[in-house]
Amino acid sequence: MNAIFAVVFLLSALLFLLFDPNGFLSALLSGAQKSAVLALSLLFVYCVWLGFFKVMEQSGLSAKLSRRVYPLAKKLFRSSDQDALLLASENLSANFLGLPGAPTPLGIRAAEKFCAAKNDYAADMLFVLNATSLQLLPTTVIALRLAAGSAAPADIFLPTLISTLFSTLLGALLVRLTAKRRKK
Amino acid sequence: MTFSALLSLIVPLLFLALFLYALIKKVKLYDSFTAGVKEAVPLVLSVFPYLAAILMLSELFEQSGLSGYLTRALSPAFSALGIPPQISKLVLLKPFSGSGSTALLSEILSAYGPDSYISRCACVAYGSSETVFYISAVYFAGAHGKKLFKPVVISLAANFLAVILGCLLCRVL
């Protein structure tokens with residue numbers, strides 16, 4: 001990530017220097033402004049879902065679900081940390097259902113636990129599964145198509161589902177193939 | 001749209017079912033819910049620096065014209081792979097910026113008409129890829145910093161291949 005950041009940043013800065021020196025600072029500021037706005041909207045979303053998840057935890061539902069998904073999640077993430085696996089599975093289900101904002105707090109916590117346990121494989125897998133977006137219904141796209149006056153807004157459902165399924169499977173496969181062999 | 005109408009029932013149903021279940025289990029709902037909300041502020045604070053850096057980066061990427069140059073340079077290669085040149089900017093922008101690519105998608109929809117081949121490709125490209133850099137910022141705030149390269153590359157590659165597949169599917173389906 002450090003390399004990507006450096007390359008994109010330096011190239012952009014160079015272009016600004018050559019063509020539009022005054023635009024540089026304003027671009028940075030506008031990015032920072034967007035991040036403040038986004039952080040605020042994340043705060044709203046986290047308030048709702050973290051409340052929800054705490055109730056889920058204290059009612060014992062989390063523990064119940066955890067026992068259910070443990071065998072499968074254990075294989076997928078190659079981890080035996082029950083809490084982290086539950087968070088990761090909840091994260092994936094929230095992604096799949098397209099619950100707006102809900103996957104993020106779950107994913108962050110699962111990632112923290114995987115990283116703390118130095119389980120790179122699990123962290124990579126979690127990242128790739130999230131970054132290839134397996135979502136049942138592309139709600140944003142359908143809403144935009146509807147707004148643009150499409151005759152068949154849900155028309156793109158099937159091709160999107162197939163190609164996103166493809167990217168998720170491919171990503172997971174690549175993580176698996178590039179992982180170091182597990183010590184037995 | 002009935003399907004998505006059904007899906008919009010999910011969130012209220014989830015809350016209703018969980019809260020009823022919690023009441024049966026004698027959970028003090030108010031105490032429990034507020035205990036959860038309490039964690040929201042620290043979580044946002046821990047994510048914020050990474051979010052800020054990525055969004056500044058994506059702003060630079062777009063406004064410096066770098067994304068424009070890349071789009072022009074890569075368009076021929078994209079067309080060869082079956083990605084219409086009109087959507088190559090969207091394909092490049094999506095990993096950086098969710099809001100930017102959403103705006104671009106609605107521009108494409110109004111420019112070419114929502115049911116045109118180009119718009120359908122754009123929708124599939126948008127829907128089947130993710131804001132990879134944004135996710136890397138938020139999910140792995142600090143903890144995994146140095147090791148992010150591999151998963152980022154894998155995700156970008158998988159998403160890109162999915163766009164190619166999606167454009168192909170738009171022609172067939």
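Undergrad: Outline the overall build of chain B, listing residues and values.
TA: Within chain B one finds 10 helices and 0 strands. For chain B, the α and β elements follow one another from N to C terminus as α-α-α-α-α-α-α-α-α-α. Dimensions of chain B, computed from C-alpha atoms along their principal axes, come out at roughly 65 × 45 × 25 Å. Residues classed as buried in chain B amount to 48% of the 173 residues present. If you take every contact in chain B between residues at least 6 apart in sequence, the share linking residues at least 24 apart comes to 63%.

Undergrad: Could you give an account of the overall build of chain A, with specific residues and numbers?
TA: Along the backbone of chain A there are 8 helices and 0 strands. Of the regular secondary structure in chain A, the N- to C-terminal order runs α-α-α-α-α-α-α-α. With the principal axes as the frame, chain A shows a C-alpha extent of 60 × 50 × 35 Å. Put simply, chain A has 184 residues, and 46% of those count as buried.

Undergrad: Quick one: what's the story with helix α5 (residues 66-80) of chain B, residue by residue and with numbers?
TA: A turn of α-helix holds 3.6 residues, and therefore any two residues three or four places apart point the same way. Between its first and last C-alpha atoms α5(B) spans 22 Å; for 15 residues at 1.5 Å apiece the expected length is 21 Å, and the two agree. One or two positions beyond α5(B), positive phi appears at G82(B), with a value near 95 degrees.

Undergrad: Tell me about the interface of chain A and chain B, and please be specific about residues and values.
TA: Opposite the 84 residues of chain A that make contact, chain B presents 79 residues. Put simply, the parts of the chain that give the side of chain A that touches chain B at least two residues each are α1 (2-19), α2 (23-58), α5 (103-116), α6 (120-131), α7 (139-147) and α8 (157-178) of chain A. Considering each element in turn, the side of chain A that touches chain B owes the most residues, 22 residues, to α2(A). Classifying every residue of the side of chain A that touches chain B by side-chain character gives 53 nonpolar, 24 polar and 7 charged.

Undergrad: Summarise the domain arrangement of chain B; cite the residues concerned and give the values.
TA: Domain boundaries assigned for chain B yield domain 1 (1-38) and domain 2 (46-172). With centres defined by C-alpha atoms, the gap from domain 1 of chain B to domain 2 of chain B works out at 34 Å.

Undergrad: Pulling in residues and values, what's your account of the environment of P105(A)?
TA: Structurally, the position occupied by P105(A) is in helix α5. The class of P105(A) is buried, set by 28 C-beta atoms lying within 10 Å. Sequence-wise, P105(A) and N91(A) are 14 residues apart; in three dimensions their C-alpha atoms are separated by 8.2 Å. Non-local contacts of P105(A), meaning those with residues more than four positions away in its chain, are made with Y46(A), W49(A), L50(A) and L43(B).

Undergrad: Tell me about the packing of helix α3 (residues 61-77) of chain A against helix α4 (residues 82-97) of chain A, and name the residues and values.
TA: Residue and element names in this part refer to chain A. With their axes 8 Å apart at the nearest point, α3 and α4 run at an angle of 90 degrees to one another. In terms of orientation, α3 lies roughly perpendicular with respect to α4. Residues S62, L65, S66, V69, Y70, A73, K74 and F77 of α3 form the contact with α4, whose participating residues are Q82, L85, L86, A88 and S89. Tallied by class, residues from the contact of α3 with α4 come to 8 nonpolar, 4 polar and 1 charged.

Undergrad: With reference to specific residues and values, describe the confidence of the model for chain A.
TA: The predicted model of chain A averages 87 in pLDDT, with 98% of residues at 70 or higher. When pLDDT is averaged over each helix and strand of chain A, the minimum, 83, is found for α7(A) and the maximum, 91, for α8(A).

Undergrad: Can you lay out unusual backbone geometry for me, pointing to particular residues and giving the numbers?
TA: Positive phi, normally seen in glycine, also occurs at K118(A), with a value near 55 degrees. Inspection of the secondary structure assignment puts K118(A) in the loop between α5 and α6.

Undergrad: How would you explain the packing of α2(A) against helix α3 (residues 29-37) of chain B if you had to name every residue and give the values?
TA: Direction vectors running N to C along α2(A) and α3(B) enclose 130 degrees, while the axes themselves pass 7 Å from each other. Our classification of the angle between α2(A) and α3(B) gives oblique. The hand of the α2(A)/α3(B) crossing is right-handed. Seen from α2(A), the contacting residues are C47(A), L50(A), G51(A), F52(A), F53(A), K54(A), V55(A) and Q58(A); seen from α3(B), they are L29(B), S32(B), F33(B), A35(B), G36(B) and V37(B).

Undergrad: Outline the environment of G171(A), supporting the account with residue identities and numerical values.
TA: Mapped onto the elements of the fold, G171(A) is located in helix α8. A tally of 29 C-beta atoms within 10 Å means that G171(A) is categorised as buried. With 16 residues separating them along the chain, G171(A) and D155(A) place their C-alpha atoms 26 Å apart. The contacts of G171(A), once residues within four sequence positions are left out, are V128(A), L129(A), T132(A), I154(B), S155(B) and A158(B).

Undergrad: I'd like a description of helix α9 (residues 132-139) of chain B, backed by residues and values.
TA: Counting buried positions over the 8 residues of α9(B) gives 8, a clear majority of the element. Turning to α9(B), its buried residues are V132(B), F133(B), Y134(B), I135(B), S136(B), A137(B), V138(B) and Y139(B). Contacts made by the buried residues of α9(B) are with α5 and α6 of chain A together with α4 (40-63), α7 (98-112) and α10 (149-172) of chain B.

The rules behind each value
Residues numbered from 1 in each chain as written. Chains lettered and ligands numbered in written order. Predicted model: local features only at pLDDT ≥ 70, side-chain atom pairs only at ≥ 80, totals over all residues. Helix = DSSP H or I, 4+ residues; strand = E, 2+ residues; numbered from the N terminus. Buried ≥ 20, exposed ≤ 12 C-beta atoms within 10 Å, placed from the backbone. Contact = placed C-beta atoms within 7 Å. Expected span 1.5 Å × (residues − 1). Nonpolar A, V, L, I, M, F, W, Y, C, P; charged D, E, K, R; others polar. Domains from an automatic or database assignment. Axes fitted to C-alpha atoms, helices over the stretch in contact; angles between N-to-C directions. Parallel < 35°, antiparallel > 145°, perpendicular 65-115°, else oblique. pLDDT = per-residue confidence, 0-100. Left-handed = near helix turned anticlockwise from the far one by under 90°.

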